[in-house]
Amino acid sequence: MTYAITQTCCNDATCVAVCPVNCIHPTPEERAFGSTEMLHIDPRACIDCGACADACPVDAIFPVDSLSAGQREYADINAAYYEGGEPAPVTTEGPNFHAWGEPVFGRTLPSDFGPLRVAVVGTGPAGMYAAQDLLLHTAAEVTLIDRLPVAGGLVRYGVAPDHPATKKVGDTFSRFHSHPRVRMHLGIEVGRDVTAEELAAHHDAVIYAVGASTDRRLGIPGEDGPGCLSATSFVAWYNAHPEAVAQGVDLSAERVVVVGNGNVALDVARILVAGPEALAGTDIAAHALEALRASRVREVVVLGRRGPEDAAYTRSELLALKHLPGVELVVDDHDPRTGAAIDAAGAGDRAGLLRGLARVRTDAAAPTAPAGAARRIVLRFHSGPVEVLDDGDARTVRVTDGGGGTADLAAGMLLRAIGYRGLPVPGLPFDEASGTVPHEGGRVAGVPGGYVVGWIKRGPSGGIGANRTCAAETVGTLLADAVAGALPAPTGDAKAFRRLARRRNRRVVDARGLAAIDRAERDRGRRDGRPRVKLATVDELVATARAGRLPRLARLAR
């Protein structure tokens, strides 16, 4: 019996490090690692030890014999990756089968080197991988800062609620929140409460992991009208982001048009048509669950400007749509190029995964009731939005058609999911074209002691696990600068920064407050039979953090 990696693979390569026979590829040292959709286990070399499954932070690895019906395709996906190639070489010398090379100690510092004090701005995966690297491999003291009064970033507010296994990577990060060398200041925004210069003055180095918090625009007429919003806003809405408008989504129409062909587009399409009772067992926002229970949406049309062979979504996310209960997945064949690409595709190609799906013509006026399913998702390739028309009584999305003309699709809402974009960071240079901070190996250009990691460093590409190698590069650059004496000496200490932060913002949440929020959300979830019920506003989060601290402070006062 061998193991297989399935849909929720996070690509952080923890499994690669523990595999005794080097049968998981691509590894971080291989060129393909930077672009792979997921990692793969070679069934010819796997020795069934289960070490990879034990180490996986998102529970994505299972014995092939135990895969459910919806997961069995992943055994073939893993095996197909190695077709035509030889299995990884194995040496039987010694108790471990790894073919070890010369040891590399990439995080070695001189024995007399004092501990660095590093601020990490952003508590999502990129920031926490950087903090983890520093805490595990150096004696650094880390200050965690986030503009929201709760930690988690993308894990908490970006991962779809029906992907609970992916969210488990947050458990890996949360163990560092209460680390003895960590100080946490949540609810502090750089540029609003403290300046970049003040932050740098109290630390040897500052790592910015602020992500890409806004979205790209379509640039079409009507895009700013009612019923048109970004996937960024929609994802924030159903994930209980405190800056989202709780009642800001109208689901009273039968059709929604989603523009984009990436994983986020598939996420929002899936949430819109998923059965509300299935979502009731997740940590979806309470207001979103209520709205979805009353939703009239029966059809989601997903538009892609290019063909199925060029779709940006991963194969694993598309496969998940094919097994969604009560939902029919179909392909719009308005353009003959779509069917031709599907028929000519190989089994491992993205377009080949669409073989066997029904091919339909989307009714312009209203969605057609799917046969044998309550709802459906329509993949419409070679089609992009031209204009959104709204006469007050009805809304129409005008899209390109296969013959060079246009077609009008009646739709209650248009969601754009065409990519994220970073925003300027006060005090740092910014590249408007790429939406990133200019850097060299993570070192911010022209800002001694300033570093970047994650999407603000490399652009909005790569999933959660890609941030691990990204953080390793940035931390490596930082430590090399420290050894070379290139870091400016701080003028203030940790206590001084704490006083400064609390003087500027009296609602700062620390690690004990964060733990109180976590307990409260889990307690609310247990009452409702859910993993947690999120607190959805800044006031609720701050009040809960303070209330959780009061009993402990009272005990200390006695």
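All residue numbers refer to position in the chain's written sequence, counted from 1. The predicted nature of this model means local features are confined to residues of pLDDT at least 70 and side-chain atom pairs, given and counted, to a pLDDT of 80 or more, with totals for whole chains, interfaces and linings taken over all residues. The side-chain figures draw on all heavy atoms in the structure; neither hydrogens nor water molecules are used.

**Student:** What is the right way to read the sheet that holds strand β17 (residues 395–400) from this model?
**Tutor:** Sheet strands associate in pairs through backbone hydrogen bonding, adopting either a parallel or an antiparallel arrangement. Read across the sheet, three strands follow the order β16-β17-β18 without closing on themselves; strand pairing throughout is antiparallel. On the outer flanks of this sheet lie β16 (385–390) and β18 (406–410), each paired with one strand and no other. Here the strands of the sheet are splayed against their neighbours by 25° on average, with no regard to which way each runs. Sheet topology note: the β16/β17 ladder contains five bridges and is antiparallel. Bridged to Val-388 within β17 is Val-397. Note on pairing: DSSP must find at least two bridges between two strands before they are called paired. Helix and strand definitions follow DSSP, with helices as H or I runs of at least four residues and strands as E runs of at least two, each counted in order from the N terminus. Angles here are taken between N-to-C directions and fall from 0 to 180 degrees, while the axes themselves are lines fitted to C-alpha atoms, restricted in helices to the stretch in contact.

**Student:** How do you make sense of the nonpolar core when you look at a structure like this?
**Tutor:** It is characteristic of soluble globular proteins that their nonpolar side chains tend to be buried jointly. Core analysis: the biggest nonpolar cluster contains 117 residues, and Ile-24, Ile-207 and Tyr-238 have the highest contact counts within it. Whether two residues are in contact is decided by their heavy atoms: any pair within 4.5 Å suffices. Contacts of Ile-24, omitting those with residues within four sequence positions, involve Ile-5, Cys-15, Val-16, Cys-19, Leu-39, His-40, Ile-41, Cys-52 and Tyr-82. Buried residues of nine kinds, namely Ala, Val, Leu, Ile, Met, Phe, Trp, Tyr and Cys, make up a nonpolar core once their side-chain atoms join them within 4.5 Å. Accessibility here uses a 1.4 Å probe with only protein chains present; expressed as a share of the type maximum, an area under 20% marks a residue as buried, one over 50% as exposed, and anything in between as partly exposed. In this structure, Ile-145, Phe-430, Ile-456 and Ala-501 belong to the second largest nonpolar core, which totals 21 residues.

**Student:** Would you take a moment to explain the packing of aromatic side chains for this structure?
**Tutor:** Any pair of aromatic rings gets described here by the distance separating the centres and the angle formed by the planes. A pair of aromatic rings is counted whenever rings of Phe, Tyr or Trp (Trp by its six-membered ring) have centres within 6.5 Å, and the orientation is called stacked for planes under 30 degrees apart, edge-to-face for over 60 and tilted otherwise. Counted under the stated rule, the structure contains five aromatic pairs. When the ring of Tyr-81 is compared with that of Tyr-82, the centres are 5.2 Å apart and the planes differ by 80°; the resulting orientation is edge-to-face. Tyr-81 gets classed as partly exposed once you look at its relative accessible area, which sits at 36%. Overall, Tyr-82 belongs to the buried group, its relative accessible area being 9%. Ring plane angle 25° and centroid distance 5.4 Å describe the contact between Phe-234 and Trp-237, whose orientation is recorded as stacked. A residue pair is termed a helical-turn pair when its members lie 3 or 4 positions apart in one helix, as Phe-234 and Trp-237 do in helix α9 (residues 231–238) at three residues. Relative accessible area serves as the criterion here: at 2%, Trp-237 is assigned to the buried category.

**Student:** Teacher, can you tell me more about the side chain of Ser-383 here?
**Tutor:** Its place among the elements puts Ser-383 in the loop between β15 (375–380) and β16. On the accessibility criterion, Ser-383 (1% relative accessible area) is buried. A distance of 2.9 Å separates polar atoms of two side chains, one belonging to Ser-383 and the other to Arg-380. Under this definition, polar contacts are N or O atom pairs within 3.5 Å; protein pairs additionally need one hydrogen-donor-capable and one acceptor-capable atom, and for neighbouring residues in sequence, both atoms have to be side-chain atoms.

**Student:** Can you help me understand the pattern of salt bridges in this one?
**Tutor:** Proximity of charged atoms lets side chains of opposite charge pair with each other. Basic side-chain nitrogens of Lys or Arg form a salt bridge, by our definition, when they fall within 4 Å of a carboxyl oxygen of Asp or Glu. Overall, the coordinates contain 42 salt bridges when judged by the stated rule. A salt bridge links Lys-534 to Asp-283, with the shortest nitrogen-to-oxygen separation between them at 3.8 Å. With Lys-534 in the loop between α18 (511–528) and α19 (538–557) and Asp-283 in the loop between α11 (276–279) and α12 (286–293), the pair connects residues that are 251 residues apart, well separated along the chain. No difference in accessibility class separates Lys-534 from Asp-283, as the two residues are buried. Put simply, Arg-502 and Asp-510 hold a salt bridge, and the shortest N to O gap is 3.9 Å.

**Student:** I would appreciate a short explanation of helix α16 (residues 466–483) in the present structure.
**Tutor:** For the α-helix, the turn length of 3.6 residues means that residues three or four positions removed from each other point alike. Compared with an ideal rise of 1.5 Å per residue, which puts 18 residues at 26 Å, α16 spans 27 Å between its outermost C-alpha atoms and is within 8% of the ideal. All buried positions along α16 are accounted for by Asn-467, Cys-470, Ala-471, Thr-474, Val-475, Thr-477, Leu-478, Leu-479, Asp-481 and Ala-482. Just beyond α16, the residue with positive phi is Gly-485, at close to 75°. A helix is expected to reach a length of 1.5 Å times the quantity of its residues less one.

**Student:** Would you take a moment to explain unusual backbone geometry for this structure?
**Tutor:** Excluding glycine, residues mostly carry a negative phi; peptide bonds, for their part, are mostly trans. The amide bond that connects His-25 to the next residue, Pro-26, takes the cis arrangement and shows omega of -5°. By secondary structure assignment, the location of Pro-26 is in the loop between β2 (24–25) and β3 (40–41). One non-glycine residue with positive phi stands out, namely Asn-11, at about 65°. Counting through the fold element by element, Asn-11 comes out in the loop between β1 (3–5) and α1 (14–18). The backbone of Asp-59 sits at a positive phi, close to 50°, despite the residue not being glycine. With respect to the helices and strands, Asp-59 occurs in the loop between α2 (51–55) and β4 (61–63).

**Student:** Looking at this model, I keep getting lost on the sheet that holds strand β14 (residues 358–360). Mind explaining?
**Tutor:** Ordered by their spatial adjacency, seven strands build an open sheet running β10-β19-β11-β12-β15-β13-β14, and the pairing between neighbours is parallel. With one partner strand each, in any of the chains shown, β10 (228–230) and β14 form the two edges of the open sheet. Pairs of neighbouring strands in the sheet enclose a mean axial angle of 25°, with direction left out of account. Sheet topology places strand β13 (residues 327–332) next to β14; three bridges connect them, and they run parallel. Bridge pairing links Val-331 to Arg-359 in β14.

**Student:** Would you mind showing me how to read the packing of helix α4 (residues 125–137) against α16 here?
**Tutor:** Relative placement of two packed helices is described by the angle separating their axes and the distance separating the axes. Where α4 meets α16, the closest approach of the two axes is 8 Å, and the angle between their N-to-C directions is 50°. By the angle between their axes, α4 is oblique relative to α16. When the axes of α4 and α16 are compared, the crossing they make is right-handed. On the side of α4, the interface is formed by Pro-125, Ala-126, Tyr-129, Ala-130, Asp-133 and Leu-134, while α16 contributes Asn-467, Arg-468, Ala-471, Ala-472, Val-475 and Leu-479. Note on residue classes: Ala, Val, Leu, Ile, Met, Phe, Trp, Tyr, Cys and Pro are nonpolar, Asp, Glu, Lys and Arg are charged, and everything else, Gly too, is polar. Of the residues contributing to the contact of α4 with α16, the split by class is nine nonpolar, one polar and two charged. Put simply, angles under 35 degrees are roughly parallel, angles over 145 are roughly antiparallel, angles from 65 to 115 are roughly perpendicular, and the rest are oblique. Two helices cross in a left-handed way if the nearer one is turned anticlockwise from the farther one by less than a right angle. They cross in a right-handed way if the turn is clockwise.

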